[in-house]
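Topology and contacts: notes
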Amino acid sequence: MAAVTSRYARALVDVIVERKLDATKTMEQLDALVAALEASPPLRNVWENPSVPAEQKRKVLDVLAARLGADKMVRNFLAVLIDNRRIAALAEIARQFRSELYERLGIAEAEVTTTRELAAEEKRGLEAQIAKLTGKKVQARYATDGKILGGAVVRVGSTIYDGSVKGQLRRLKEALSAN
C-alpha cells in the first residue's frame, strides 16, 4: 500500500510544483479534508463503501469541498481517489504528500520537544541550529513534555538529537555502569 500512496502523493506534488501552486494552502486543505473524513464515520462509510456509486460520492465531495473552501485542484484530486477506490488512504497520502513536497523544496521536518513553551527568539535560534545540522530549511513542530526535565529533544526524520537533561543523565549512567 505504501507504493500506492506514494504514487498518488508524488503525482500531487508534481502538479503543485509544475503549476507553481500554493503548497501550504494545498496542505491545509488536505489536512482539513482528512480531519473531516476522520471525524465523520457516516462520510467514511459513504466514501469507502463500494456499493455507493462514484457519482454520489463525488456529489458529497462537491458539498464538502465547497463548505471547506477547497480549490478545484484539491477537489479533483479527491475525485480521482474516489474513482480509483483509494479514498481510504487519504490520511496516508496527505502525510506522504507533505514529506515528498518538503523533500523537493529542501525542507527538513523537525519535531521539537521541550520542557516548556519556547519564546519566538528561542525557536528561531533552535531552528537555525537544526538548519545548520541538516543543511536544509526547517519546518518545526513544537511540543512540551515535563518528563525530559530540561533541554530539548529534536527528531528530524529517523534521527533523534537528544539534548535533554534526562538524556544526559541516562548517558552518564550508561558511562558509569560501563566502567
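Another aspect to go through is helix H6 (residues 90–105). For H6, with 16 residues, the first-to-last C-alpha span of 22 Å sits near the 22 Å given by 1.5 Å per residue. The set of residues buried in H6 consists of Leu90, Ala91, Ile93, Ala94, Phe97, Leu101 and Tyr102. Buried residues of H6, seen end-on, are gathered within an arc of 165 degrees and therefore sit on one face of the element. Contacts from the buried residues of H6 go to helix H1 (2–18), helix H2 (23–39), helix H5 (72–83), strand E1 (107–114) and strand E2 (137–144). One or two residues past the end of H6 sits glycine 106, with phi positive at roughly 70 degrees.

Another aspect to go through is the environment of glutamate 48. The residue glutamate 48 is located in helix H3 (residues 41–48) in this model. Of the residues examined, glutamate 48 reaches a relative accessible area of 38% and is grouped as partly exposed. A sequence separation of 23 residues divides glutamate 48 from aspartate 71, and the C-alpha atoms of the two residues are 22 Å apart. With near-sequence residues (within four places) excluded, glutamate 48 lies in contact with Lys57, Ile87 and Ala88.

Sheet strands associate in pairs through backbone hydrogen bonding, adopting either a parallel or an antiparallel arrangement. The strand order across the open sheet built from four strands is E2-E1-E3-E4, with neighbouring strands paired in mixed fashion. The open sheet is flanked by E2 and strand E4 (159–162), the only strands paired with a single partner. Across the sheet, the mean angle from the axis of one strand to that of its neighbour is 20 degrees, orientation sign disregarded. When E1 meets strand E3 (residues 152–156), the two strands line up antiparallel, connected through five bridges. Paired with valine 112 across the bridge in E3 is valine 154. On the sheet, H6 packs against E1 and E2 and is oriented at approximately 115 degrees with respect to E1.

Analysis parameters
Residues numbered from 1 in each chain as written. Predicted model: local features only at pLDDT ≥ 70, side-chain atom pairs only at ≥ 80, totals over all residues. Heavy atoms only, no water. Helix = DSSP H or I, 4+ residues; strand = E, 2+ residues; numbered from the N terminus. Expected span 1.5 Å × (residues − 1). Buried < 20%, exposed > 50% of the residue type's maximum accessible area, 1.4 Å probe, protein only. Arc of directions from axis to C-beta. Contact = heavy atoms within 4.5 Å. Pairing = 2+ DSSP bridges. Axes fitted to C-alpha atoms, helices over the stretch in contact; angles between N-to-C directions.

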